[in-house]
Amino acid sequence: MAVHRLDQPIIIISLRMLIPIIFLLIALAFYHLGINRILGLPPGPPPLPLIGNMLSFKWDIDKVLLSWKAKYGRIFTVWLPFPMVVIGDHKVLQEHVVKNGDVFLAKKNPEQLMDVVSGGLYGLVFEDNSMVKEQRKFALRSLHEIGFGSAALEDSVHHYAQEVVARWKKCGDEPVDVTGNILSAVGNIIWRVTFGLTLEFDSPIITKFRQYQQDALPLMAGPFMMFLETFPILRKFDSISPVKKVKAIMDESNAILKEAIKTVEKSFNPDNQPNGYIEAFLAEMKKREDSGMGQGNFHYDQMLYSAATLWGAGFDTTVSVLRICCLQLVNNPDVQRKVQKEIDEVIGERRILQDDQKILPYTSAFLQEIYRIIDVLPVNFLRLTTQDTEIEGFKIRAGTTVLPQFSMVHSDPKEFERPEYFCPERHINEEGQFIKEPRITPFSVGKRSCLGETLARMEIFVMFTTFVQNCHFSPVNKVPPAIEILHGFTRTTAPFLVKIQPRN
Ligand code: HEM
């Protein structure tokens, strides 16, 4: 009897506990298997509560995304940790993100991150969505005014390319890390575009700035910052979280930009043609003040963080592409010989101009292959649909987060045979002509694609061809350095050494 009396409450308690557990398990199963359908999103890998598909996340994410594309279709939903609709198919990107550009104009702004970095949605990547059209239009116009696409800027790029070559030629038989001089050249160009000022070639500002970027980016792209966007309550722990370190680095980096702005302000004359982006911005501020229309979005913070964006977006990206060019040359001696031969025969010793691309098919194929294989941004910036739309039969509501992951196209074996294999020849036809490949879009697609594409393409062509015209790259020992890609917020190659012999 005694045993019986003891057992009864245990059974009742267990039943009482079991019912909510069963309900919880059913709810979890519903969530796991059905949340995309409930929210009207395209299917995708089943997410876990709170962390979504974060367990599958790695910076080299295209392989995982391609396997999900094969399973779920040309568009699918991924939770990182919030839901986003991934488009990594060339035709779908063209039909929707390009043709329907206004629907994909807004970005999903990382509001917490931007608050930490710049005290609000300022700059040129994550500006407030209501000011996108105005600021982007202004930036495109001003960058054109200060020389994008002009012979004067090309002259300046050629000058810095020659400076790099001159320094390499002095290295003799010593192993060379190409990074330092390329950094100085690219840093000088972006400094000129931003401020209209000239730096010493080896200015410590450039190395400091790169160090700040290298210290801040892994923290900014780390899991803590990702969770901060979904759980802003974590801001309560700023003083002990990675936020504290990010803020400290950004303060130091911004101090350099503020000093440069002060220098520009001292010599600024609104009657002159602007020399750099900051002068164009100051001119717009003055125009607004004079006409009494109010400063609107043309205020100091927007000017400062636009300068920060130009630096952040235009510096390491270009350096990474030029470094991988040198590394591929050393690893592919036949390819190097072909580029050298073409440049020797077509250009000889005269100065190379951007226009020469048309008469250098193999060199153009080399660079197109570099753009396909490097994919500087492993995960593209997120867009936010501005109105309801339909993609592949799925109704996508206004305000849905979309990831236009163009790099998936570059690494899809259905698009490019053996995508991991570096092969400029794939862009050359039977007649030896260059085939321009519309599926290769390293600067992204649609109305928020890279603002610096014109400058970046010119810089990379002029510098790379000047390097090959003047230098031969070979391994330090018999075996060339490995092509080891370091993944992070941006992709780059691990440090490597080469020998550089003058060719003339
Ligand atoms: C090889 C060099 C470069 C590559 C591969 C590259 C690539 C990209 C990509 C993929 C994006 C994202 C577009 C999107 O959100 O869909 C972007 C955005 C941007 N890039 Fe570049 N970029 C390079 C150089 C530059 C340069 C030199 C500048 C400036 C002088 C620049 C300024 C920007 C800006 C301002 C944005 C934001 C545009 C917007 O959100 O409207 N980039 N870039």
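Please read all numbers here as calculations on a predicted model, not as lab measurements.

A look at the overall build of the protein
In step 1: Across its full length, the protein carries 17 helices and eleven strands.
In step 2: Taking 2.2 N^0.38 as the reference for a compact globule, 504 residues should give roughly 23 Å; the C-alpha atoms of the protein span a radius of gyration of 26 Å, in line with that estimate.
In step 3: With respect to the principal axes defined by its C-alpha atoms, the protein has extents near 105 × 60 × 45 Å.
In step 4: A sequence separation of at least 24 residues applies to 72% of the contacts in the protein between residues at least 6 apart.

Here's the deal with the sheet that holds strand β2 (residues 83–87)
In step 1: Strands sit in the order β1-β2-β7-β4-β3 across an open sheet of five strands; the sheet is mixed. The open sheet has two free edges, formed respectively by β1 (75–79) and β3 (106–107), since each of these has just one partner strand.
In step 2: Here strand β4 (residues 383–384) pairs with strand β7 (residues 401–404) via two bridges, running antiparallel. Residue Leu 384 lies in a different strand from β7, and its bridge partner there is Thr 401.
In step 3: Taken strand by strand, helix α3 (residues 90–98) contacts β1, β2 and β7, and its axis lies near 115° from that of β2.

Concerning the pairing of strand β8 (residues 471–474)
In step 1: Of the two faces of β8, only one is covered, namely that formed by Cys 471 and Phe 473; the face formed by His 472 and Ser 474 stays uncovered.
In step 2: Note: β8 against strand β11 (residues 499–502), four bridges, orientation antiparallel. Bridge assignment links Ser 474 to a residue of β11, and that residue is Lys 499.

A look at the site of the ligand
In step 1: Around the ligand, a shell composed of 26 residues is seen, among which Ala 313, Gly 314, Ser 444, Cys 450 and Gly 452 lie nearest.
In step 2: Of all the secondary structure elements, the ones that give two or more residues to the shell around the ligand are α12 (300–314), α13 (316–331) and α17 (453–470).
In step 3: Of the residues belonging to the shell around the ligand, the class tally is 16 nonpolar, eight polar and two charged.

Points about helix α10 (residues 242–267)
In step 1: The end-to-end C-alpha separation of α10 is 39 Å, in line with the 38 Å expected for 26 residues at 1.5 Å each.
In step 2: Taken together, the buried positions of α10 are Val 243, Val 246, Ser 253, Leu 257, Ala 260, Ile 261 and Val 264.
In step 3: Those residues of α10 that are buried are in contact with α4 (111–118), α7 (179–195), α8 (204–220), α11 (277–291) and α12.

Some remarks on unusual backbone geometry
In step 1: For the bond running from Leu 80 to Pro 81, omega is -20°, close enough to zero to count as cis.
In step 2: Despite not being glycine, Asp 375 shows a phi value in the positive range, around 45°.
In step 3: Within the element layout of this structure, Asp 375 appears in the loop between α15 (361–374) and β4.
In step 4: Overall, Asp 375 belongs to the buried group, with 22 C-beta atoms counted inside 10 Å.
In step 5: At Arg 418, a residue that is not glycine, the phi angle is positive and equals roughly 40°.
In step 6: Within the secondary structure, Arg 418 sits in the loop between α16 (407–410) and α17.

Points about the UniProt feature "binding site: heme" (unreviewed entry) in the protein
In step 1: UniProt feature "binding site: heme" (unreviewed entry): in the numbering of this structure it lies at Cys 450.
In step 2: Among the structural elements, Cys 450 can be located in the loop between α16 and α17.
In step 3: In this structure, Cys 450 is in contact with Phe 443 and Ser 444, ignoring residues within four places of it in sequence.

Focus: the packing of helix α6 (residues 151–169) against α17
In step 1: Contact geometry of α6 with α17 gives a least axis separation of 9 Å together with a crossing angle of 35°. For the crossing formed where α6 meets α17, the hand is right-handed. On the side of α6, the interface is formed by Glu 154, Val 157, His 158, Ala 161, Gln 162 and Val 165, while α17 contributes Met 458, Glu 459, Val 462, Met 463, Thr 466, Phe 467 and Asn 470.
In step 2: Here the contact of α6 with α17 is composed, by residue class, of seven nonpolar, four polar and two charged.

Describing the environment of Phe 467
In step 1: Position of Phe 467 relative to the elements: it lies in helix α17.
In step 2: The spacing of Phe 467 and Gly 296 is 171 residues in sequence and 45 Å in space, taken between C-alpha atoms.
In step 3: Excluding residues within four positions of it along the chain, Phe 467 makes contact with Ala 161 and Val 165.

Things to note about α12
In step 1: In a regular helix each residue adds 1.5 Å, so 15 residues correspond to 21 Å; α12 covers 21 Å between its end C-alpha atoms and thus fits that length.
In step 2: For α12, the tally of buried residues reaches 13 of 15 residues, placing the bulk of the element in the interior.

Side note on the pairing of β1
In step 1: Of all five residues making up β1, five are buried, and the element is well covered by its neighbours.
In step 2: Burial along β1 is two-sided: the residues Ile 75, Thr 77 and Trp 79 and Phe 76 and Val 78 are all buried.
In step 3: Hairpin remark: β1 followed by β2, antiparallel, with three residues in the connecting loop.

Focus on the packing of α7 against α12
Between two packed helices, what matters for the description is the angle formed by their axes and the separation of those axes.
In step 1: It is the contact of α7 with α12, at a shortest axis distance of 10 Å, that shows an interaxial angle of 155°. When the interaxial angle is binned, α7 and α12 end up roughly antiparallel. Note on packing geometry: the crossing formed by α7 with α12 is right-handed. Residue-level inspection shows Ile 190, Val 193 and Thr 194 of α7 in contact with α12, the latter providing Ala 307, Leu 310, Trp 311 and Gly 314.
In step 2: Split by residue class, the contact of α7 with α12 holds five nonpolar, two polar and no charged.

Here we look at the environment of Lys 244
In step 1: By the element assignment, Lys 244 lies in helix α10.
In step 2: Lys 244 gets classed as partly exposed once you count the C-beta atoms within 10 Å, which come to 13.
In step 3: Put simply, Lys 244 and Val 116 are 128 residues apart on the chain and 8.8 Å apart in space, counted from C-alpha to C-alpha.

Basis of the calculations
Residues numbered from 1 in each chain as written. Predicted model: local features only at pLDDT ≥ 70, side-chain atom pairs only at ≥ 80, totals over all residues. Helix = DSSP H or I, 4+ residues; strand = E, 2+ residues; numbered from the N terminus. Rg over C-alpha atoms; globule rule 2.2 N^0.38 Å. Contact = placed C-beta atoms within 7 Å. Pairing = 2+ DSSP bridges. Axes fitted to C-alpha atoms, helices over the stretch in contact; angles between N-to-C directions. Buried ≥ 20, exposed ≤ 12 C-beta atoms within 10 Å, placed from the backbone. Near = placed C-beta within 6 Å. Nonpolar A, V, L, I, M, F, W, Y, C, P; charged D, E, K, R; others polar. Expected span 1.5 Å × (residues − 1). UniProt positions renumbered as here; feature names shortened; annotations may be inferred. Left-handed = near helix turned anticlockwise from the far one by under 90°. Parallel < 35°, antiparallel > 145°, perpendicular 65-115°, else oblique.

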